Amino acid sequence: MKSIIKTIFSFFLGISLMSCEDVIDLNVPETEKYLVVEGTITDVAGEQVIKLSESQALLSSATPRAITNAVVKVTDNTGKIYEFKDLKNEGKYVWTPSSSTEIMGVIGKTYTLTIEAEGESFKAVSELKRVPKIDSIVYKYEDSPNLNQTGDDKPKEGYDANFYAKDFVGVGDCYRVKVYKNGKLFSGAENIVIAYDALLNKSSVGDGLMFILPLRRAISPELYAENDKLKVELSSITEAHFDFWTQLRTELNNSGLFATPAARIPCNVNNTNPNSKKQAAGWFGTSAVTSLEVTIDKNKAVKEFND
């Protein structure tokens, strides 16, 4: 009798759920447009780029409007001014070095971004922090799917990789890890990998240690094949930038039955007029960068990873 009642209940529950497939158009009110800033000054020789655009409506699929005709400058703490030009009138402001070896970013210096755009003035400040070298990248053959990878399109066999780097002594160093496979960056929300000292989260116990296993294994979102090129890039970021990436990752993964109300992501670009309705979003960052690239070679694979 109980099983019959359970079956009948399941049947009517299924019908009830099937009847709840009406499309609902959300009437999202318009809000004030934000100036969106994307740019990081690095200690890598070559051009530096800052992108400016305008935010768009929540459900819009349109291409964001580029902010052109802005005056964009970066000044270091010695007073040296770097001017950025929108050479193609597409909201991409570029500083071009005078030689192939000229470097803009210097560890320990502080950089101030100023933007004059559409009658408004914005400012951001960031210090360029230190970064350790990557000691090595090692890999071993796996004949079963990597625990990190999901999806039927991922390789079912190949090489799982780890990288090794050691945090500096001194609490509060923050880093971002980027991974490239054959020149293509893994850029999904799940690929936002950040570290506080040698750990995933803020704590004093990771100071001065080798990066922990979850950070080391994060360079294998999928398995690699023979002759694949694997590049790992380790960038220093400020603690405030660490907080930005932490919340951005949370919001990008905030979905499903237990999703929480969206929260505004922090921004270090501020309107110099506190009474203006025009605000900014995004982040102006500074990073020292170290990188290492290997080509997967079966003859150089290890049998096991070191802890």
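This is a predicted model, so every value here is computed, not measured. (Residues numbered from 1 in each chain as written. Predicted model: local features only at pLDDT ≥ 70, side-chain atom pairs only at ≥ 80, totals over all residues. Heavy atoms only, no water.)

### Points about the overall build of the protein
Across its full length, the protein holds 3 helices and 16 strands. Taking the contacts inside the protein whose residues are at least 6 apart along the sequence as the reference set, 67% of them involve residues at least 24 apart. Total accessible area on the protein stands at roughly 18000 Å², and carbon and sulfur atoms take up 54% of it. (Helix = DSSP H or I, 4+ residues; strand = E, 2+ residues; numbered from the N terminus. Contact = heavy atoms within 4.5 Å. Areas by Shrake-Rupley, 256 points an atom, 1.4 Å probe, with all protein chains shown as cover.)

### Things to note about the side chain of Ser236
Mapping Ser236 onto the fold places it in strand β13 (residues 229–237). You can call Ser236 buried: its relative accessible area is 0%. If we skip the residues at most four places from it in the chain, Ser236 touches Lys129, Arg130, Val131, Cys174, Tyr175, Thr286, Ser287 and Ala288. (Buried < 20%, exposed > 50% of the residue type's maximum accessible area, 1.4 Å probe, protein only.)

### So, the side chain of Asp76
Tracing the backbone shows Asp76 in strand β3 (residues 71–76). Judged by its relative accessible area of 5%, Asp76 falls in the buried class. Here Thr78 takes part through its side chain, which lies 2.6 Å from a polar atom of the side chain of Asp76. A polar atom in the side chain of Asp76 sits 3.0 Å from the backbone nitrogen of Lys80. Beyond its immediate chain neighbours, meaning those up to four positions away, Asp76 contacts Tyr82, Lys109, Thr110 and Tyr111. (Polar contact = N/O pair within 3.5 Å; in protein donor to acceptor, adjacent residues only side chain to side chain.)

### Here we look at the pairing of strand β6 (residues 110–117)
Looking along a regular strand, one sees the side chains alternate between the two faces of the sheet. Pairing geometry for β3 and β6, over 6 bridges, is antiparallel. Across the sheet, the residue bridging to Lys73 is Thr114, located in β6. Across 8 bridges, β6 lies against strand β7 (residues 120–127) in antiparallel orientation. Paired with Leu113 across the strands is Ala124, a residue of β7. Between β6 and the antiparallel strand that follows it, β7, lie 2 residues; Glu118 among them carries a positive phi value of about 50°. (Pairing = 2+ DSSP bridges.)

### Notes on the sheet that holds strand β5 (residues 92–95)
A sheet is described by the order of its strands in space; here 4 strands give the open sequence β5-β2-β1-β15, paired in mixed fashion. Each end of this open sheet is capped by a strand with a single partner; those strands are β5 and β15 (280–287). Pairwise comparison of adjacent strand axes, ignoring direction, gives a mean angle of 10° for this sheet. Here strand β2 (residues 48–54) pairs with β5 via 4 bridges, running antiparallel. Its bridge partner lying in β5, Gln48 is registered against Trp95. Contacts from helix α3 (residues 239–252) reach β1 (35–42) and β15 within the one sheet, and its direction differs from that of β15 by about 130°. (Axes fitted to C-alpha atoms, helices over the stretch in contact; angles between N-to-C directions.)

### Thoughts on the packing of aromatic side chains
What the rule picks out here adds up to 8 aromatic pairs. Residues Tyr196 and Phe242 carry aromatic rings whose centres are separated by 5.8 Å and whose planes lie at 65° to one another, so their mutual orientation is edge-to-face. Here the residue Tyr196 occupies a position in strand β12 (residues 193–196), and Phe242 occupies one in helix α3, the gap between them amounting to 46 residues. According to the relative accessible area criterion, Phe242 is buried, its value standing at 3%. Following the ring pairs from residue to residue traces out a cluster consisting of Tyr139, Tyr141 and Tyr159. The cationic tip of Lys231 hangs over the ring face of Tyr180; the distance from NZ or CZ to the ring centre is 5.4 Å. (Phe/Tyr/Trp six-rings, centres within 6.5 Å; stacked < 30°, edge-to-face > 60°. Lys NZ or Arg CZ within 6 Å of the ring centre and 35° of its normal.)

### Topic: the nonpolar core
A general trend in soluble globular proteins is that nonpolar side chains are found buried together. Core analysis: the biggest nonpolar cluster contains 50 residues, and Leu52 and Phe84 have the highest contact counts within it. Ile194, Trp245, Leu248 and Trp283 belong to the second-largest nonpolar core, a separate cluster that totals 10 residues. (Core = buried A, V, L, I, M, F, W, Y, C linked by side-chain atoms within 4.5 Å.)

### Side note on the confidence of the model for the protein
Residue-level pLDDT values for the protein average 87, and 84% of them are 70 or greater. Long-range and interchain partners of residues 1–19, a stretch whose pLDDT sits below 50, account for 0 contacts in this model, where long-range means more than four residues apart. (pLDDT = per-residue confidence, 0-100.)

### Details of α3
A rise of 1.5 Å per residue sets the reference length of α3, with its 14 residues, at 20 Å; its end C-alpha atoms lie 20 Å apart and thus fit the reference within 8%. For α3, the full list of buried residues reads His241, Phe242, Phe244, Trp245, Leu248 and Glu251. (Expected span 1.5 Å × (residues − 1).)

### Observations concerning the pattern of salt bridges
For the coordinates displayed, the defined rule picks out 14 salt bridges. Across the pair Lys278 and Glu54 runs a salt bridge whose closest N-O atoms are separated by 3.6 Å. Here Glu54 lies in strand β2 and Lys278 lies in the loop between β14 (270–271) and β15, a separation of 224 residues in the sequence. As far as burial versus exposure is concerned, Lys278 and Glu54 are alike and both buried. (Salt bridge = Lys/Arg side-chain N within 4 Å of Asp/Glu carboxyl O.)

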